[in-house]
Amino acid sequence: MPELPEVETVMRGLAAKLEGRRLARVVLARPDLRWPIPEGFVQFLSGARVEGFRRRGKYMFMRLDRALSVLIHLGMSGRMTIDSAPLPHQHLTLETDDGAVIGFVDPRRFGALDLVATAAEDSHRLIAGLGPEPLDDAFSPATLADALAGRKTPIKAALLDQSVVAGLGNIYVSEALFRAGILPHRLAGTIGRGRAGRLVPAIKATLTDAIAAGGSSLRDYVQPSGELGYFQHAWKVYDRAGQSCERCPGPAACAGISRTVQSGRATYFCARTQK
């Protein structure tokens, strides 16, 4: 599933093409994706002006001049296209007043489209329970330590809990834990403010670097322009099992990056440098 950097990259691409434009034509190919699409969806969008975009966790809001926002969730395999020929499984097509064509393609249909009053975005059922945005100033070591206090789950599982922090997924949690020198299996309740003081900056730096690289292209994800993301070339541990850790002094001192499974998901770490 696309994580925060991929969703942020997609949103920025859409904003550059759609902000300030009117939706001259809206075509909806089916009445549902993961959930039913609201009745009147096409009518609410047709003729509307796009005023801006907002990301919350792994969700995007396209804000219209009708005090309405379109919630967009890419799900497992969803992608947005710009000025592309129609593709298989293109469920939504938007044409603007200057001739741009935006498509929402989702072969597995785990994505979502919904309408919500712009003033009530944070009350939407998919948004209301989300934790803080990791790139916001309000996400601090104290905030994270307090959220983890008393938790008996591994720290990796806790960071994947969207009520603790919004937008993180498997790849970037593994990468951030490596940067912070924290073992993925360490109990979340033992992190405290000291380790949180390393972990929060590591999360922010990992996400910032990934956004700058256009995200990570793994399986389905591409940017709206059709370009691949490039952060997968900068992964320090993810999908690098058996390779040397960059922090170890040399192959003789490093047993290699380990791979294990936590809660059904692959976890990568260096047992020597992460504690």
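Before reading on, note that the structure itself is shown above.
I will try to describe carefully the structure that is included in this document. Keep in mind the model is a prediction, meaning the values are calculated, not measured.

## Some points on the side chain of Gln274
Then, in step 1: Inspection of the secondary structure puts Gln274 in the segment after strand 10 (265-269).
Then, in step 2: From its side chain, Gln274 meets the backbone oxygen of Leu177 in a polar contact 3.5 Å long.
Then, in step 3: The residues contacting Gln274, other than those within four sequence positions of it, are Leu177, Phe178, Gly181, Ile182, Leu183, Pro184 and Phe269.

## Some remarks on the packing of helix 3 (residues 141-148) against helix 6 (residues 192-212)
Then, in step 1: Helix 6 packs onto helix 3 with a crossing angle of 125° between their chain directions and a minimal axis gap of 8 Å. When the axis of helix 3 is compared with that of helix 6, the two are oblique. In this structure, the crossing between helix 3 and helix 6 has a hand that is right-handed. The segment helix 3 lies against helix 6, with Pro141, Ala142, Leu144, Ala145 and Asp146 engaging Gly192, Arg193, Ala196, Gly197, Leu199 and Val200.
Then, in step 2: When the residues that make up the contact of helix 3 with helix 6 are grouped by side-chain class, the tally is 7 nonpolar, 2 polar and 2 charged.

## A short note on the pairing of strand 6 (residues 90-96)
Then, in step 1: Counting buried positions along strand 6 yields 6 of 7 residues, so the element is predominantly enclosed.
Then, in step 2: Bridging between strand 1 (residues 23-28) and strand 6 involves 5 bridges; their strand directions are antiparallel. Paired with Leu28 across the bridge in strand 6 is Leu92.
Then, in step 3: Bridge analysis of strand 6 against strand 7 (residues 101-105) gives 5 bridges, and the strand direction is antiparallel. Of the residues in strand 7, the one forming a bridge with Leu94 is Ile102.
Then, in step 4: With antiparallel pairing between neighbouring strands as the criterion, strand 6 and strand 7 make up a hairpin whose turn holds 4 residues, including Gly99 at a positive phi of roughly 90°.

## Describing the nonpolar core
Then, in step 1: Counting 41 residues, the largest nonpolar core has Leu144, Leu148, Ile155, Leu159, Leu199 and Ile203 as its most contacted members.
Then, in step 2: Sorting the residues of this core by element identifies helix 3, helix 4 (155-160), helix 5 (170-180), helix 6 and strand 10 as the ones contributing at least two each.
Then, in step 3: A per-element tally of this core places helix 6 first, with 8 residues.
Then, in step 4: In terms of nonpolar packing, the next biggest core, distinct from the first, is built from 29 residues, Leu64, Ile82, Leu94 and Ile102 among them.

## Thoughts on the packing of helix 1 (residues 4-18) against helix 6
Then, in step 1: Where helix 1 meets helix 6, the closest approach of the two axes is 9 Å, and the angle between their N-to-C directions is 40°. What the angle tells us is that helix 1 and helix 6 run oblique. The two elements helix 1 and helix 6 cross, and the hand of that crossing is right-handed. Residue-level inspection shows Leu4, Pro5, Glu8, Thr9 and Arg12 of helix 1 in contact with helix 6, the latter providing Leu207, Ala210 and Ile211.
Then, in step 2: Grouping the constituent residues of the contact of helix 1 with helix 6 by class yields 5 nonpolar, 1 polar and 2 charged.

## Considering the pattern of salt bridges
Any two side chains of opposite charge can pair if their charged atoms end up close together.
Then, in step 1: Counted under the stated rule, the structure contains 17 salt bridges.
Then, in step 2: The residue Glu8 makes a salt bridge to Arg55 at a minimum N-O spacing of 2.7 Å. With Glu8 in helix 1 and Arg55 in strand 2 (residues 50-56), the pair connects residues that are 47 residues apart, well separated along the chain. Neither Glu8 nor Arg55 differs from the other in exposure class; each is buried.
Then, in step 3: For Glu133, the salt bridge is made with Arg56, and the minimal N-O distance between the two is 2.8 Å. With Glu133 in the loop between strand 8 (112-117) and helix 3 and Arg56 in strand 2, the pair connects residues that are 77 residues apart, well separated along the chain.
Then, in step 4: Given a relative accessible area of 12%, Arg56 falls into the buried group.

Rules of the game
- Residues numbered from 1 in each chain as written.
- Predicted model: local features only at pLDDT ≥ 70, side-chain atom pairs only at ≥ 80, totals over all residues.
- Heavy atoms only, no water.
- Helix = DSSP H or I, 4+ residues; strand = E, 2+ residues; numbered from the N terminus.
- Polar contact = N/O pair within 3.5 Å; in protein donor to acceptor, adjacent residues only side chain to side chain.
- Contact = heavy atoms within 4.5 Å.
- Axes fitted to C-alpha atoms, helices over the stretch in contact; angles between N-to-C directions.
- Parallel < 35°, antiparallel > 145°, perpendicular 65-115°, else oblique.
- Left-handed = near helix turned anticlockwise from the far one by under 90°.
- Nonpolar A, V, L, I, M, F, W, Y, C, P; charged D, E, K, R; others polar.
- Buried < 20%, exposed > 50% of the residue type's maximum accessible area, 1.4 Å probe, protein only.
- Pairing = 2+ DSSP bridges.
- Core = buried A, V, L, I, M, F, W, Y, C linked by side-chain atoms within 4.5 Å.
- Salt bridge = Lys/Arg side-chain N within 4 Å of Asp/Glu carboxyl O.

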